[in-house]
Amino acid sequence: MTINPGPPEHRPHAPLVSGTPNPGPPVEHGRDAKDAALDAARAPDPNGALTTDQGVRVDDTDNSLTVGDRGPTLLEDFQLREKLTHFDHERIPERVVHARGAGAYGFFEPYASLAEFTCADFLQEAGRRTPVFVRFSTVQGPRGSADTVRDVRGFATKFYTRHGNYDLVGNNMPVFFIQDAAKFPDFVHAVKPEAPNEIPTGASAHDTFWDFCSLQPESTHMLMWAMSDRAIPRSYRMMQGFGVHTFRLVNADGRGTFVKFHWRPLLGTHSQVWDEAQLTAGRDPDFHRRDLWEAIADGDFPEYELGVQLIPEQDEFAFPFDLLDPTKLVPEELVPVRPVGRMVLNRNPENFFAETEQVAFHTANIVPGIDFTNDPLLQGRNFSYLDTQLIRLGGPNFSQLPVNRPLADVRVNHRDGHGQQTIHPGHGYSPNSVGGGCPFTMGGGRLPEGVFQHYQERVDGRTIRRRSPSFADHYSQATLFWRSMTGWEQEHITAAFAFELGKVVDEEVRRRTVGNLVHVDPVLAAEVARRIGVPEPEPAELDAPAQEDAGAAGPLVSPALSLEHLRGSGIRTRKVAVLVGPGADADQVRAAHEHLGALGATVETLAAHGGELPARDGGRLVVDRPLPTTASVLYDAVVVPDGTGVLYDAVIVPGGTGPDLTADPDAVRFVTEALRHGKPVAVLGSGAGLVRAAGAGDPTDLAGVAVRGPGERADEDFWDGFARLLERHRFPER
Ligand code: HDE
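**Let's talk about the pattern of salt bridges**
Okay, step 1: Enumeration according to the criterion identifies 43 salt bridges in this entry.
Okay, step 2: Two residues, Glu350 and Arg42, come together in a salt bridge whose shortest N-O distance is 2.8 Å. Of this pair, Glu350 sits in the loop between β10 (338-347) and α8 (352-357) while Arg42 sits in the loop between α1 (33-41) and α2 (78-88); the two residues are 308 residues apart in sequence, bridging distant segments of the chain.
Okay, step 3: Taking the shortest distance from any N to any O, the salt bridge between Arg728 and Glu564 comes out at 3.8 Å. With Arg728 in helix α18 (residues 716-728) and Glu564 in the loop between α14 (539-543) and β13 (575-579), this pair connects stretches of sequence that are 164 residues apart.
Okay, step 4: Overall, the relative accessible area of 23% leaves Glu564 in the partly exposed class.

**Structural notes on the site of the ligand**
Okay, step 1: The ligand sits among 22 residues. The nearest are Arg95, Arg135, Arg381, Tyr385 and Gln389.
Okay, step 2: For the ligand, a nitrogen atom lies 3.4 Å from a polar atom in the side chain of His98.
Okay, step 3: The side chain of Arg135 places a nitrogen or oxygen atom 2.6 Å from an oxygen atom of the ligand.
Okay, step 4: Among the elements of the structure, β4 (153-161), β5 (164-171) and α9 (376-392) are those that each provide at least two residues to the shell around the ligand.
Okay, step 5: At 6 residues, the largest contribution of residues to the shell around the ligand is made by α9.
Okay, step 6: Of the residues assigned to the shell around the ligand, the class counts are 11 nonpolar, 8 polar and 3 charged.

**Regarding the sheet that holds strand β19 (residues 681-684)**
Okay, step 1: Taken in spatial order, the 6 strands make up an open sheet running β17-β14-β13-β18-β19-β20, and their pairing is parallel. Strands at the two margins of the open sheet, each flanked by one partner only, are β17 (625-626) and β20 (705-708).
Okay, step 2: Pairing of β19 with β20 involves 4 bridges; the strand directions are parallel. Following the sheet pairing, Val683 is matched in β20 by Val707.
Okay, step 3: Where helix α15 (residues 586-598) meets the sheet, it contacts β13, β14 (602-607), β18 (637-640) and β19, and its direction lies at approximately 155° from that of β14.
Okay, step 4: Relative to the sheet, α18 contacts β13, β18, β19 and β20, its axis offset from that of β20 by approximately 165°.

**Comments concerning the confidence of the model for the protein chain**
Okay, step 1: In this model, the protein chain carries an average pLDDT of 91, and 91% of its residues clear a pLDDT of 70 or more.
Okay, step 2: Within the model, the stretch residues 547-551 combines pLDDT values under 50 with 11 contacts to residues more than four positions away or in other chains.
Okay, step 3: Here residues 646-658 is modelled with pLDDT under 50, and outside its nearest four sequence neighbours on either side it reaches 23 contacts, counting other chains as well.

**Here's the deal with unusual backbone geometry**
Okay, step 1: Here the amide bond leading from Ser430 into Pro431 is cis, since omega sits at 0°, within 30 degrees of zero.
Okay, step 2: Its location among the elements puts Pro431 in the loop between β12 (422-423) and α10 (476-484).
Okay, step 3: For the peptide bond that leads from Cys438 to Pro439, omega is -10°, which places it in the cis range.
Okay, step 4: Counting through the fold element by element, Pro439 comes out in the loop between β12 and α10.
Okay, step 5: For His98, which is not a glycine, the phi torsion comes out positive at approximately 60°.

**Description of the coordination of the iron atom of the ligand**
For a metal with four tetrahedral donors the ideal donor-metal-donor angle is 109.5 degrees, while six octahedral donors give ideal angles of 90 or 180 degrees.
Okay, step 1: Among all protein atoms, only Tyr385 (OH) binds the iron atom of the ligand, sitting 1.9 Å from it.
Okay, step 2: With respect to the element layout, Tyr385 can be found in helix α9.

**Quick notes on the packing of aromatic side chains**
Okay, step 1: Scanning all chains against the criterion turns up 31 aromatic pairs.
Okay, step 2: Considering the side-chain rings of Phe136 and Phe155, the 4.9 Å spacing of their centres and the 75° angle between planes classify their relative orientation as edge-to-face. Within this pair, whereas Phe136 is found in strand β3 (residues 130-138), its partner Phe155 is found in strand β4, the two being separated by 19 residues in sequence. When sorted by exposure, Phe136 lands in the same class as Phe155, which is buried.

**A short note on the side chain of Asp151**
Okay, step 1: Looking at the element boundaries, Asp151 is found in the loop between β3 and β4.
Okay, step 2: Buried charge without a partner: Asp151 forms no salt bridge, and the closest opposite charge is Arg153, 5.4 Å away.
Okay, step 3: From its side chain, Asp151 meets the backbone nitrogen of Val139 in a polar contact 2.8 Å long.
Okay, step 4: Those residues within four positions of Asp151 in sequence are excluded, and the remaining contacts are Thr138, Val139, Gln140, Gly141, Met173 and Ala231.

**Points about α10**
Okay, step 1: Judged by how many residues are buried, α10 sits mostly within the fold: 8 of 9 residues are covered.
Okay, step 2: Those residues of α10 that sit buried are Ser476, Gln477, Ala478, Thr479, Leu480, Phe481, Trp482 and Ser484.
Okay, step 3: In the core, the buried residues of α10 are packed alongside α5 (220-226), α11 (487-502), α12 (507-520) and α13 (522-532).

**Some words on the side chain of Arg510**
Okay, step 1: Inspection of the secondary structure assignment puts Arg510 in helix α12.
Okay, step 2: Within the buried core, Arg510 has no salt-bridge partner, and the shortest N-O distance to an opposite charge, that of Glu507, equals 4.8 Å.
Okay, step 3: Ignoring sequence-local partners within four residues, the contact set of Arg510 consists of Leu501, Val504, Val505, Ile532 and Val534.

**Description of the domain arrangement of the protein chain**
Okay, step 1: Taken domain by domain, the protein chain holds domain 1 (101-188 + 240-423) and domain 2 (575-727).
Okay, step 2: Computed over C-alpha atoms, the centres of domain 1 and domain 2 are 41 Å apart.
Okay, step 3: The interface is formed by 10 residues belonging to domain 1 together with 11 residues belonging to domain 2.
Okay, step 4: Carbon and sulfur atoms make up 53% of the surface buried where domain 1 meets domain 2, a total of about 830 Å² over both sides.
Okay, step 5: The salt bridge involving Lys679 is made with Glu276; its shortest N-O contact spans 2.9 Å.
Okay, step 6: Our count for the contact surface shared by domain 1 and domain 2 stands at 5 residue pairs in polar contact (both at pLDDT 80 or more).
Okay, step 7: The element that contributes the greatest number of residues to the side of domain 1 that touches domain 2 is helix α6 (residues 274-283), accounting for 5 residues.
Okay, step 8: Residue composition of the side of domain 1 that touches domain 2, by class: 3 nonpolar, 3 polar and 4 charged.

**Quick look at the packing of α15 against α18**
Okay, step 1: Their axes nearest at 10 Å, the elements α15 and α18 cross at an angle of 55°. The orientation of α15 with respect to α18, classified from their angle, is oblique. As for how α15 packs across α18, the hand of that crossing is right-handed. Contact residues: α15 offers Gln588, Ala591, Ala592, His595 and Leu596, while α18 offers Glu716, Trp719, Phe722 and Ala723.
Okay, step 2: By residue class, the composition of the contact of α15 with α18 is 6 nonpolar, 2 polar and 1 charged.

**Quick look at the pairing of β13**
Okay, step 1: Along β13, 4 of the 5 residues are buried, which leaves the element largely enclosed by surrounding structure.
Okay, step 2: Of the strand pairs in this sheet, β13 and β14 are connected by 5 bridges, and their pairing is parallel. Among the inter-strand pairings, Val578 is bridged to a residue of β14, identified as Thr605.
Okay, step 3: Handedness of the crossover is the feature at issue here: the chain leaves β13, passes through α15, returns alongside β14, and the resulting connection is right-handed.
Okay, step 4: The pairing of β13 with β18 spans 3 bridges and is classified as parallel. Bridge assignment links Ala577 to a residue of β18, and that residue is Val638.

Conventions adopted
- Here the residue numbers are simple positions, counted from 1 along each chain's written sequence.
- Confidence filtering applies because this is a predicted model: local features only for residues at pLDDT of at least 70, side-chain atom pairs given and counted only at 80 or more, and all residues used for totals across whole chains, interfaces and linings.
- For the side-chain quantities, the full set of heavy atoms in the structure was used; hydrogens and water were omitted.
- Here, a salt bridge means any Lys or Arg side-chain nitrogen found within 4 Å of an Asp or Glu carboxyl oxygen.
- What counts as a helix is a DSSP run of H or I of at least four residues, what counts as a strand is a run of E of at least two, and both are numbered from the N terminus.
- With a 1.4 Å probe rolled over the protein chains alone, any residue whose accessible area is under 20% of its type maximum counts as buried; one over 50% counts as exposed, and the rest are partly exposed.
- When at least one non-hydrogen atom of a residue lies within 4 Å of a molecule or strand, that residue is treated as near it.
- Pairs of N or O atoms are called polar contacts if they sit within 3.5 Å, as long as, within protein, a hydrogen donor faces a hydrogen acceptor (for residues adjacent in sequence, only side-chain-to-side-chain pairs).
- Residue polarity is assigned by list, with Asp, Glu, Lys and Arg as charged and Ala, Val, Leu, Ile, Met, Phe, Trp, Tyr, Cys and Pro as nonpolar; anything else, Gly included, falls into the polar class.
- A strand pair is defined by DSSP finding two or more bridges across the two strands.
- Note on definitions: a residue-residue contact is assigned when non-hydrogen atoms from the two residues lie within 4.5 Å.
- As a rule, the C-alpha atoms of each element are fitted with a line to give its axis, helices using only the stretch in contact, and angles between N-to-C directions run from 0 to 180 degrees.
- A residue's pLDDT is the predictor's confidence in that residue, given on a scale from 0 to 100.
- Distances up to 2.8 Å from the metal define which N, O and S atoms are donors, and 3.2 Å serves for Na, K and Ca; water is absent from the atom set, so sites may look incomplete.
- We call Phe, Tyr and Trp rings a pair once their centres come within 6.5 Å, taking the six-membered ring for Trp, and we label the pair stacked below 30 degrees between planes, edge-to-face above 60, and tilted otherwise.
- Positive charges are assigned to Lys and Arg, negative charges to Asp and Glu, while His and the chain termini are left out of the count.
- Segmentation into domains, and thus their bounds, comes from an automatic or database assignment.
- Accessible area that two parts lose when put together, evaluated with a 1.4 Å probe and summed over both, is termed the buried area.
- What sets the label is the angle itself: under 35 degrees gives roughly parallel, over 145 gives roughly antiparallel, 65 to 115 gives roughly perpendicular, and the rest give oblique.
- Helix crossings fall into two classes, left-handed where the near helix is turned counterclockwise from the far one by less than a right angle and right-handed where it is turned clockwise.
- Call a crossover right-handed when, viewed with both strands pointing away from you, the route from the first strand across the helix to the second goes clockwise.

Take a look at the structure:
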């Protein structure tokens, strides 16, 4: 029997009334206006008596109402029926794409006013904060799929501005697979698990995806990105975001400027390597979700800089590609990215379903000061996102859900519908006289601040159904991307093509893909062909130059595209494992924690078992995690202190009570994987034995490995040097 802890707190739910006063501008610190708005929607304090949906207190929620001890259950058990019925209806359709994700609240603040280019409220005043909700996602896999699959990542931001909600629904890659929304269902059917058996989950390495792409060469540029390490980010906190389409900023005078949006993570842009990503999917399928959640919970708030590429209207045709073509980026060498503000994610949601699952993004949620262009992919999206929420969230009132509700006043003439929560005063039509003409519109003449009006673009043309000839070049920017990569990035891309196509059964599809790659780079095509076992392209094809049409001009190389140039600075929030066995040098373990911890890294001591271990100096080492419960792929770097490995054939572990770490397969595998994945490793004294046991030879020969010989002091310089290795993140050339 449940003990009744006393009367529930009296906290009446005020119904939402349309046109309730605006909670006002968000405050500068502490809880902001969105928090206050969410408070209003929160259920009463759970520390009270359990009730039914009707508020009737329940005396027992564990047993059905039956006739006698062993008799039938009674239909009159309304508590049981309510409990089961609600449970039976708990699931809603998952998103058709981007089903798996993680979200967080935060704020955006501009560095300076952008009023010269836009009247968008959230870009007007340096330092004025606008609350945001961001959802990151993978695209292909279902809700329960692993985080670290090779895939595009969604990066969707909802700005709760004073002039209404603005959604910037972007990805972590600046281009897309297709040019026209009409191809989207085809593309998604091809990349999703195959229809007969729903295989594979969270992977594009299967026939239908490559069949589609090989027949749709406009996908080639995006394929280069998807086969690069961008598709296996280290963290949602360490990836870029892009608006993809060219949008338009509009200022108070109605002047338009084309704009490309960029998010740049302060921690640098970092990726896993493929083998690591695959292992992580098994070790921690929630790797990215957990990483985001824990960083915010620990106060390490992820931060991104918003940047814009601004292109004056008169330069619309100044580029060797069409600005409306979403398979093209604007090289930063042609138009630099101008930093305009920063976004900080500082609060985890309280309820995954209510917030992260029910958040409804929509590309057409724009505000005064921002407008669309005629990019045919964007135009289709502007239909699709609203449409999808109707089925996913069960009707037209989803913008009343707490996470979707604007902070701006909402006064509409919409009425009724499933899930209506607002008690609308008035009659819901316009024009009216009985309501004094309210709510009224603000049209006519020069509009006051905060009223939306479309950019007055002049459009003239015939109704046709055909792809613009200006979209015809599918290879130049794929080549640009390829040429902008470093040697190790090119090798990773080649290996990714070989892996994915190696899984494709249909040889014709494999050949066709290689045939497309010839136009990107003949050497890439030949190498992929060799690895997947299809005939190498004919010499004639190998000579085929990248498309020599208008699109072929532009920079030959864009350094801004390479991960090599996006590292960021510092080692904040990097995870460092210190592997210890009995007899490890406690001073070194302490120094690793102190020095790296002071620079913002998270340092953990791992050993064969939990609890404590004897240290060399006779003291005790506290173990943070037992090795069998964790893995190298969950860390960014490894430290192996002295006293933990064998340097010589015979070794006495001072103070030791057990075998050294070279005899522990978990420890050897840990270091083997760290080395294989290019991670920084520090070995001190006999710790070097673990690198040898991992089959990597002499640690002093390895890039990214910091070594201190036996008896050498590991001073501050040593740890600073190791931190610099960690700052670089990876040594893929190893
Ligand atoms: Fe989406 N996309 N998309 N998409 N998309 C959805 O909306 C769609 C495209 C993106 O965290 C859906 O609410 C069409 C490009 C993100 O909730 C759906 C087309 C880009 C998210 C939909 C595209 C994106 C979605 C599924 C081609 C990058 C997750 C559920 C015309 C700029 C948002 C939903 C979240 C989600 C349609 C192409 C990004 C079905 C028709 C290009 C980040 O409406």
